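# Structure assessment
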Amino acid sequence: MAYAEAVFASGGKFGYCTDEEEWGAFWAMLIGHVWRPPSRHIMSEKYVNLVYNKVDGGVRAVLGSVIGGCYQYDGWTGPNGDQVFSVLFGAPLPFYLSSFRISGRRESADTLVAKVKEQLLLVECATDGSWQRSHNTGFVTDSPNVNRSARTKLLEADAFSFAYGCAAHAMSNLCRDIVKLPSVLLAVAFCTMLAKFFHGHHLPRAHLIKEQEKETPRPPTMKLFSPTRWTGAARLLTSTLKNRGTITTVLFKAKQRAIDMDFPTSLFDAVMDNVNWDSVAQWEPVLCTLASITNYLQADTTPLSGVHASFLSLEASLIPANFPSTVRDQVRSLIKARYATIVTPAHVLAFFLDPLFVQFREASRASAVKPYSEMDAAVCMEAAKRLVRAASEAERATVLTQVTQAILGTFPFLREPAVRQTRQLSLPHVWWELHADGAPPELRAVAAQIFSLAPTSAAAERSFKQRSRVHNKTRNRLSDNNADKSQAIIFNKRQSRRFNGGVLLQPRTTRMEAHVLDMLSRGSPGVEGGDVYDAVAGSNSCGGVSVQGGDGVMEDDEGDDVLASESVESVACAQELISRMIADAEAENV
């Protein structure tokens, strides 16, 4: 009581009390006869509200001043069987807004659309609501049927300028499509069989670890991939290739009875067959490229232009010349089909307005993987029309004229000699503000709106991880309100630190982006690309980007848990296992 009296007399704060009225109530309880300490629930709720209001105030100030904006939505099934959707908004750095719930295992598109429209009221427009300051520029989700239907309905209701699918999910599905090819399926099945035997059994694993310790550098652990993240197959193939020597040594010692270990004869025959290893070495760089590009697209600072550039670069690098022409055509058709599930005119316009890709405009015009038949200029015009649909007739004509001139290279500031020195100094939305000397204000506004769009919904996926840390087994009685606010505090404090630390002002020096430039230059003779970062068979990186992680990760790779109960003793059994995983994933996606 003496300490409380001293603190109260000094005017300081004590416990959860934040003003004089609360102090008065606290003091009355303290000196009263029936005083009891305030409950942990009350103190926790007051503290959460206090911190949340402080963090939310800073976030609202940032979001109210941005130009453009993109809403990211993603859902997961809660412990009660209801669908929980996280809502994020940013331009381009996303911040957590709220979450909402839909009862039932399967939500309907109409219910989702109604909930989305409610969330639009959470962000107040900074000015008069003109197209140049509009916040409802983009809407991105993953692509189950209900989300595709919801995106269509939202566009028809004119709630957003653009609504499209997540590029990271499209890349993961493209990887799954490529794994279905017979030669790739055989390579993945061969690696799956080895990983199951050496990583899933105690004695073989112990012998393999002993041999790995003799190698310098030590080979990585072979780990199975989860069927929810198909790009994890790249890590499986890479780790298997790096363990080829240790695997062969262990099996030879076991065959000669130098070590006590039983193994199937079919396993030894498969390891001794060079055809299996050649197939793994052939497809490992392809899957590594896909995994690295997926990680690149999931980063918060990756611009929308990176999507079109990535799919164009796959056409040049994902189809090695030593593949049969039928396989090359098949892979090219898979790339085109997956890009068609997410592409919008905004993706193409962002590519043409990005100074980093100015020299590769002809590669886009000549590409065979574009999922549209119109000319690039016509597609860009369609995107510009969507942006200025609410503007006056004169303003629309001005914007369309300026966009046409930008695409044709009429403006000197957007030509190759002018952008060569500045294109990597900053992200495109900052470049248009600082380095686009002589750019018309309407064209600057178009660029600001386009580059406020996010290429993926990976940030919404990452917010689920924060939710699992807030509402877990040891904190399982949190109310929904406290859980939502705690999630917002954790996620938004990190994003605020990044925003205030100048993450959006950093130069474009990522190795994966340089690798994309190099891949584009391969398909554009006479054009210099970025630094060459080849995907070498047997490496765990592509373009300097590790396949094992990235700035954005869709899900944790829990392949060991998913496949731990499966029995794989031959390549045929492994092939059947991979085929079943693909069928299950397709059934869940319907």
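Computed from a prediction, not measured in an experiment: that's the story for all the values here. Think of each chain on its own: its residues are numbered from 1, step by step along the sequence as written. Only residues with pLDDT of 70 or above have their local features reported here, since the model is predicted, and side-chain atom pairs are shown and tallied only from 80 upward, although totals for entire chains, interfaces and linings are computed over all residues. Computation of side-chain values covers all heavy atoms of the structure but excludes hydrogens and water.

### Quick notes on the overall build of the protein chain
For the record, the criterion: By the criteria applied, helices consist of DSSP H or I runs no shorter than four residues and strands consist of E runs no shorter than two, each listed in order from the N terminus. Whether a residue is buried, partly exposed or exposed follows from its accessible area with a 1.4 Å probe, protein chains only, as a fraction of its type maximum: under 20%, in between, or over 50%, in that order. Residues count as neighbours in contact if any of their non-hydrogen atoms are within 4.5 Å of one another. Per-residue and other accessible areas were derived by the Shrake-Rupley procedure at a 1.4 Å probe size, with only the shown protein chains allowed to occlude residues.
Across its full length, the protein chain carries 26 helices and 7 strands. By the burial criterion, 54% of the 590 residues in the protein chain qualify as buried. Long-range contacts, defined as pairs at least 24 residues apart, comprise 71% of the intrachain contacts of the protein chain with a sequence gap of at least 6. Total accessible area on the protein chain stands at roughly 25900 Å², and carbon and sulfur atoms take up 52% of it.

### Here we look at the side chain of Glu211
Within the secondary structure, Glu211 is located in helix H8 (residues 202-213). Residue Glu211 is classed as buried on the basis of its relative accessible area of 10%. Each residue touching Glu211, except ones within four places of it in the same chain, is listed here: Thr246, Thr249, Val250 and Lys253.

### Notes on the sheet that holds strand E4 (residues 138-141)
The condition that has to hold: At least two DSSP bridges between two strands are required for those strands to pair. Helix axes use the C-alpha atoms of the stretch in contact, all axes being lines fitted to C-alpha atoms, and the angles between their N-to-C directions lie in the range 0 to 180 degrees.
Pairing is mixed across the open sheet formed by 5 strands, whose spatial order is E3-E2-E1-E4-E5. In the strand order of this sheet, the two ends are held by strand E3 (94-102) and strand E5 (162-165), each with one partner. With direction set aside, neighbouring strand axes in the sheet form an average angle of 20°. Relative to strand E2 (residues 83-90), strand E1 (residues 70-77) runs antiparallel, the two being bridged by 8 bridges. Counted as the bridge partner of Tyr73 is Val87 from E2. Most of the contacts of helix H4 (residues 109-119) go to E3, to which it runs at about 140°, and overall it touches E1, E2, E3 and E4.

### Things to note about the environment of Ser149
Tracing the backbone shows Ser149 in helix H5 (residues 145-156). In sequence terms Ser149 and Asp110 are 39 residues apart; their C-alpha atoms lie 8.7 Å from each other.

### Things to note about the nonpolar core
Stated formally: In this description, a nonpolar core means a group of buried Ala, Val, Leu, Ile, Met, Phe, Trp, Tyr and Cys residues linked to one another through side-chain atoms lying within 4.5 Å.
Formed by 123 residues in total, the largest nonpolar core has its most connected members in Ile178, Trp283 and Trp432. Top element by residues in this core is helix H7 (residues 182-200). It accounts for 12 residues. Aside from chain neighbours lying at most four places away, what touches Trp432 is Leu353, Pro355, Phe413, Leu414, Ala439, Leu443, Arg444, Ala447 and Phe451. In this structure, Leu63, Phe95, Leu112 and Leu120 belong to the second largest nonpolar core, which totals 40 residues.

### Topic: the pattern of salt bridges
Stated formally: Every case where a carboxyl oxygen of Asp or Glu lies within 4 Å of a side-chain nitrogen of Lys or Arg is listed as a salt bridge.
The full count for this structure, using the stated rule, is 21 salt bridges. Here the residues in one salt-bridge network are Arg101, Arg467, Asp480 and Asp484, joined through shared partners.

### Re the environment of Lys385
Tracing the chain through its elements places Lys385 in helix H17 (residues 376-387). Put simply, Lys385 and Ser161 are 224 residues apart on the chain and 9.5 Å apart in space, counted from C-alpha to C-alpha.

### Some points on helix H10 (residues 244-255)
Every α-helix winds through 3.6 residues per turn, so residues three or four apart in the chain are directed the same way. Here is the rule we go by: Multiply 1.5 Å by the residue count of a helix minus one, and that product is the helix's expected span.
Its 12 residues give H10 an end-to-end C-alpha distance of 16 Å, which sits within 8% of 16 Å, the value for a rise of 1.5 Å per residue. Of all the residues in H10, the buried ones are Thr246, Ile247, Thr248, Val250, Leu251 and Ala254. Next to the buried residues of H10 lie H7, H8, helix H9 (232-242), helix H11 (265-272) and helix H12 (274-298). Phi turns positive, to about 65°, at Arg257, one or two residues after H10.

### Some thoughts on a positive patch on the surface
What counts here: Every patch collects residues that have over 30% relative accessible area and no salt bridge, joining them within 9 Å if they carry like charges and within 5 Å if they are nonpolar side chains (Val, Leu, Ile, Met, Phe, Trp, Tyr). Positive charges come from Lys and Arg alone, negative charges from Asp and Glu alone, with His and the N- and C-terminal ends not counted. Here the site of a charge means NZ on Lys, CZ on Arg, CG on Asp, or CD on Glu.
Judged by side-chain charge, Lys54, Lys493, Arg494 and Arg497 come together as a positively charged surface patch. Among the elements that take part in the positive patch, helix H23 (residues 480-500) stands out by supplying 3 residues, more than any other. Tracing the backbone through its elements, the reader meets Arg497 in helix H23.

### What about the environment of Glu461?
Heads up, the rule is: Identification of polar contacts relies on pairs of N or O atoms within 3.5 Å, with a donor-acceptor requirement for protein atoms, meaning one able to donate a hydrogen and the other able to accept it, and with residues adjacent in sequence counted only if both atoms are side-chain atoms.
Within the secondary structure layout, Glu461 lies in helix H22 (residues 458-470). In sequence terms Glu461 and Gly75 are 386 residues apart; their C-alpha atoms lie 8.3 Å from each other. Within the local environment of Glu461, its side chain forms a polar contact with the side chain of His169, the two groups lying 3.3 Å apart.

### Quick look at the packing of helix H6 (residues 167-179) against helix H14 (residues 325-340)
For clarity, the cut-off: Note on terminology: angles under 35 degrees are roughly parallel, angles over 145 are roughly antiparallel, angles of 65 to 115 are roughly perpendicular, and the others are oblique. We call a crossing left-handed when the near helix sits turned anticlockwise from the far one by less than a right angle, and right-handed when that turn is clockwise. Amino acids outside the nonpolar list (Ala, Val, Leu, Ile, Met, Phe, Trp, Tyr, Cys, Pro) and the charged list (Asp, Glu, Lys, Arg) are all regarded as polar, and Gly is one of them.
Taken N-terminus to C-terminus, the directions of H6 and H14 make an angle of 150°; their axes are 10 Å apart at the nearest point. As the angle between them shows, H6 and H14 are arranged roughly antiparallel. For the pair H6 and H14, the crossing hand works out as right-handed. Along its contact with H6, which presents Ala170, Asn173, Leu174, Arg176, Asp177 and Ile178, the element H14 presents Val331, Leu334, Ile335 and Arg338. Residue classes in the contact of H6 with H14 are distributed as 6 nonpolar, 1 polar and 3 charged.

### Points about unusual backbone geometry
Omega for the peptide link from Ala91 to Pro92 comes to -5°, which places this bond in the cis form. Inspection of the secondary structure puts Pro92 in the loop between E2 and E3. A cis amide bond links Thr216 to the next residue, Pro217, at an omega of -5°. Although it is not a glycine, Arg257 sits at a positive phi angle of roughly 65°. Inspection of the secondary structure puts Arg257 in the loop between H10 and H11.

### Structural notes on the confidence of the model for the protein chain
This is how the line gets drawn: As a per-residue quantity, pLDDT reports the predictor's confidence and falls between 0 and 100.
Averaged over every residue, the pLDDT of the protein chain is 81; the share at 70 or more is 81%. Note on residues 529-562: pLDDT is under 50 here. Beyond four places in sequence and across chains, it has 105 contacts.

### Some words on the packing of aromatic side chains
Each aromatic ring pair is specified by the distance between its two centres and by the angle formed by the two planes. For clarity, the cut-off: Side-chain rings of Phe, Tyr and Trp, where Trp is taken by its six-membered ring, are said to pair if the distance between their centres is within 6.5 Å; with planes under 30 degrees apart they count as stacked, over 60 as edge-to-face, and otherwise as tilted. Charges are assigned to positions over rings by a cutoff of 6 Å between ring centre and Lys NZ or Arg CZ, combined with an angular limit of 35 degrees from the ring normal.
Taken as a whole and assessed by the stated rule, the structure comprises 17 aromatic pairs. With a centroid separation of 4.7 Å and an interplanar angle of 50°, the aromatic rings of Tyr71 and Phe89 are classed as tilted. Here Phe89 lies in strand E2 and Tyr71 lies in strand E1, a separation of 18 residues in the sequence. Both residues of the pair, Tyr71 and Phe89, count as buried. Here the aromatic rings of Phe197 and Phe198 are separated by 5.0 Å at their centres, their planes lie at 85°, and the arrangement is edge-to-face. Here Phe197 matches Phe198 in class, with each residue buried. Counting every residue linked through ring pairs, the aromatic cluster contains Tyr71, Tyr73, Phe85, Phe89, Phe100, Phe139 and Phe160. Seen from the ring of Phe268, Lys255 lies directly overhead, with NZ or CZ sitting 4.7 Å from the centre.

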